[in-house]
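Structural characterization, general
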Amino acid sequence: MNRVQEKAPLYEGLLEHINKDPLQFHIPGHKKGAGMDPDFRRFVGDNVLKMDLINIAPLDDLHHPKKIIDEAQRLAAKAFGADHTFFSVQGTSGAIMTMIMSVCGPGDKIIVPRNVHKSIMSAVIFAGARPVFVHPEIDEAFGISHGISLEAAERALEAHPDAKAFLVINPTYFGIAADLKRIAEAAHRYGIPVLVDEAHGVHTHFHNRLPLSAMQAGADMAATSVHKLGGSLTQSSVLNIQGSLVQPARVQAVISMLTTTSTSYILLASLDTARRHLAINGWQEIEKALNLSTALRDQINKIPGLSAPGKEMLNHKSRFDMDTTKVMISVKELRITGYDAEVWLRENENIEVELSDLYNILVIVTPADSHETISKLASALEHLSRKMLPSRTWVDNGAEVEVPSIPVLAYSPRDAFYADTEEVPLHASAGRISAEFLMIYPPGIPVFIPGEIIEEENLRYIKKNMESGLPVQGLEDKSLSSIKVIRESKPII
């Protein structure tokens, strides 16, 4: 890696300013912690409070970067193989909204997989765009959605050559990657830019045993969570762009519209140093995580009632490649839900997992892990198996998996969101058109979005998740007993 990546200009500039110890008559009002609750100050420490600064002239401005922020973003672009990189302190959700609103306007088509994160559909509503859904592959063995195949992408492009963008999730929450390079090539034949939700793939660019990153695959834009797996602080992400199909000035204008003017220099400095660490030490650190995840997966697959699929599940289509640091653990043979397993591990082993659903739990292995942490998790899972294993032969293929169907889109999400609505009981809403989001979070993939026809099958799926204790959310009614639907026009008698 180029020696220039050893620099961290934003972080170093902050330290230089802090060491000058200027007398502050600007916000934040706590002024290096002196004006805040002393208990909180003692816990977080003086250094982080000294770094809590604003966009005064010596520190540059994220909305119009010309100095240390501009230099830090240029270094990040080189590290990620992009032409331009924009820092986001609004999380990857903010970067995703910027990405979509930079290329889509009212009435424009955008091709998206149906298993997208809520932030993508929120951006579609803000832009007034019209989503064209591509069905992801449903894995009925594990009850999850994967990516989209090249064939499905080509059919969508042929049917909608006037689309303004094609969005791909790569990799998915569970670490599965599509054939992004060939999907990008197919979209570019129509002059359509490819946008990538790369929330779970910041590390892929820095190791050859991982799926291609968005920039390596030739995508035009990628919203990438550095905080999830790249070592920066929560809520810090980047937006990478390359090529001629996206205008950097437009991206800067949109991200500035969506970003607070009180940008956190703590978050920005963490992005700068995380980039430095990934560029210099990323390969070695990720290699360690890959080896640990392999060892963990091997141990789990020896535990009765549990299974952790690896690359044997790939099919060179929608399951083209896999980030093996994401370890999905199926618990269905224990005849418990993933949520049951999550709660048991929390209450009995003091272990927290990334997510749970009806059939699985997901754990992530990062460079922060060690043989000790992996062994503790494996031991806890053995305890779980002994506690929950049914008193019969555990190999039982009768554990049925239910996957929700994809509803029919009757209205554009924006029209439905702003339509005249009424509340109806959720259990009696089948056949009506939803005006709200309803999802299980994490992972935040909506079961319904505004504009879709509510189906009885999906209501049963929601009820099953609610009864299992999983975090169903999205409705204005926090009790989840009623949902807003588009008001029906009735004849005047």
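Rules and cut-offs
- Residues numbered from 1 in each chain as written.
- Predicted model: local features only at pLDDT ≥ 70, side-chain atom pairs only at ≥ 80, totals over all residues.
- Heavy atoms only, no water.
- Helix = DSSP H or I, 4+ residues; strand = E, 2+ residues; numbered from the N terminus.
- Rg over C-alpha atoms; globule rule 2.2 N^0.38 Å.
- Buried < 20%, exposed > 50% of the residue type's maximum accessible area, 1.4 Å probe, protein only.
- Contact = heavy atoms within 4.5 Å.
- Areas by Shrake-Rupley, 256 points an atom, 1.4 Å probe, with all protein chains shown as cover.
- Lys, Arg positive; Asp, Glu negative; His and termini not counted.
- Charge placed at Lys NZ, Arg CZ, Asp CG, Glu CD.
- Pairing = 2+ DSSP bridges.
- Axes fitted to C-alpha atoms, helices over the stretch in contact; angles between N-to-C directions.
- Arc of directions from axis to C-beta.
- Left-handed = near helix turned anticlockwise from the far one by under 90°.
- Polar contact = N/O pair within 3.5 Å; in protein donor to acceptor, adjacent residues only side chain to side chain.
- Phe/Tyr/Trp six-rings, centres within 6.5 Å; stacked < 30°, edge-to-face > 60°.
- Lys NZ or Arg CZ within 6 Å of the ring centre and 35° of its normal.
- Patch = residues over 30% accessible without salt bridge, like charges linked within 9 Å, V, L, I, M, F, W, Y side chains within 5 Å.
- Salt bridge = Lys/Arg side-chain N within 4 Å of Asp/Glu carboxyl O.

In this section: the overall build of the protein. For the protein, the count of helices and strands is 16 helices and 19 strands. By the compact-globule yardstick of 23 Å for 493 residues, the protein fits well, its C-alpha radius of gyration being 24 Å. Summarising its shape, the C-alpha atoms of the protein cover approximately 65 × 65 × 50 Å along the three principal directions. Looking at the protein as a whole, 56% of its 493 residues qualify as buried. Of the contacts made within the protein by residues no fewer than 6 positions apart, 73% connect residues no fewer than 24 positions apart. When the accessible surface of the protein is summed, it comes to about 21600 Å², and 51% of that surface belongs to carbon and sulfur atoms. One way to put it: in the protein the 49 positive side-chain charges average out to a point 3 Å from where the 60 negative ones average out.

What follows covers the pairing of strand β8 (residues 194-198). Across the 5 residues that make up β8, a large majority, 5, are buried. Burial of β8 is two-sided: the residues V194, V196 and E198 facing one way and the residues L195 and D197 facing the other way are all buried. Taken together, the 4 bridges between strand β6 (residues 165-169) and β8 define a ladder with parallel strand orientation. Each residue of the ladder has a partner; that of I169, found in β8, is D197. Bridging between β8 and strand β9 (residues 221-225) involves 4 bridges; their strand directions are parallel.

The next subject is helix α5 (residues 91-103). Of all 13 residues making up α5, 12 are buried, and the element is well covered by its neighbours. All buried positions along α5 are accounted for by G91, T92, G94, A95, I96, M97, T98, M99, I100, M101, S102 and V103.

Moving on, we get to the sheet that holds strand β2 (residues 109-113). Taken in spatial order, the 7 strands make up an open sheet running β1-β10-β9-β8-β6-β2-β3, and their pairing is mixed. Looking at which strands have only one partner, the edges of the open sheet turn out to be β1 (84-88) and β3 (130-134). For this sheet the average axis-to-axis angle between neighbouring strands, irrespective of direction, equals 20°.

Here we come to helix α8 (residues 180-188). Every buried residue belonging to α8 is among L180, I183, A184, A186 and A187, and all of these are buried. The buried residues of α8 occupy an angular sector of 160° when projected down its axis, which confines them to one face.

A word on the packing of helix α4 (residues 68-80) against helix α12 (residues 265-300). The axes of two packed helices give the description: the angle between them and the distance between them. Running from amino to carboxyl end, α4 crosses α12 at an angle of 35°, the nearest separation of the two axes being 10 Å. α12 is crossed by α4, and the crossing has left-handed handedness. Of the residues in α12, those touching α4 at I69, A72, L75, A76 and A79 are Y265, L268, D272, R275 and A279.

Examined against the element boundaries, H63 turns out to sit in the loop between α3 (46-50) and α4. The buried category is assigned to H63, whose relative accessible area is 8%. Separated by 3.0 Å, the side chain of H63 and the backbone oxygen of T260 make a polar contact. Apart from the residues within four sequence positions on either side, H63 is in contact with Q252, S256, T259, T260, T261 and T263.

On to the packing of aromatic side chains. Per the stated rule, a full pass over the model turns up 3 aromatic pairs. A ring pair is formed by F80 and F206, whose centres lie 5.5 Å apart and whose planes are at 75°; its orientation type is edge-to-face. Here F80, found in helix α4, pairs with F206, found in the loop between β8 and α9 (214-217); they are 126 residues apart in sequence, far enough to count as distant. Judged by its relative accessible area of 4%, F80 falls in the buried class. Seen from their ring centres, Y173 and F174 are 6.5 Å apart, and the 50° between their planes marks the pair as tilted. Just above the ring of F133 sits the side chain of R114; from NZ or CZ to the centre is 5.7 Å.

For the peptide bond that leads from I27 to P28, omega is 5°, which places it in the cis range. Assignment of secondary structure puts P28 in the loop between α1 (9-20) and α2 (38-44). Cis peptide bonds are those with omega within 30 degrees of zero, and the linkage from N170 to P171 qualifies with -10°. By the secondary structure assignment, P171 is in the loop between β6 and β7 (176-177). A positive phi angle, near 60°, is found at L480, a position not held by glycine. Looking at where L480 falls in the secondary structure, it is placed in the loop between β18 (472-473) and β19 (482-486). Owing to a relative accessible area of 14%, L480 belongs among the buried residues under this scheme.

A few words now on a nonpolar patch on the surface. On the surface, F40, F43 and V44 cluster together into a nonpolar patch covering about 340 Å² of accessible area. Inspection of the secondary structure assignment puts F43 in helix α2. For F43, a relative accessible area of 73% gives the class exposed.

This part is about the pattern of salt bridges. Tallied over the full model, the rule gives 24 salt bridges. Residue D162 pairs with K109 through a salt bridge whose shortest N-O separation is 3.2 Å. Of this pair, D162 sits in the loop between α7 (150-159) and β6 while K109 sits in strand β2; the two residues are 53 residues apart in sequence, bridging distant segments of the chain. A relative accessible area of 15% places K109 in the buried class. With a shortest N-O distance of 2.8 Å, E452 and R114 are connected by a salt bridge. You can see E452 sitting in the loop between β17 (445-448) and α16 (456-467) and its partner R114 sitting in the loop between β2 and α6 (118-127), a full 338 residues away along the chain. Each member of the pair, E452 as well as R114, carries the same accessibility label: buried. Where salt bridges share partners, they join D420, E422, R432, R487 and E488 into one cluster.

The analysis is restricted to geometry; functional conclusions fall outside its scope.
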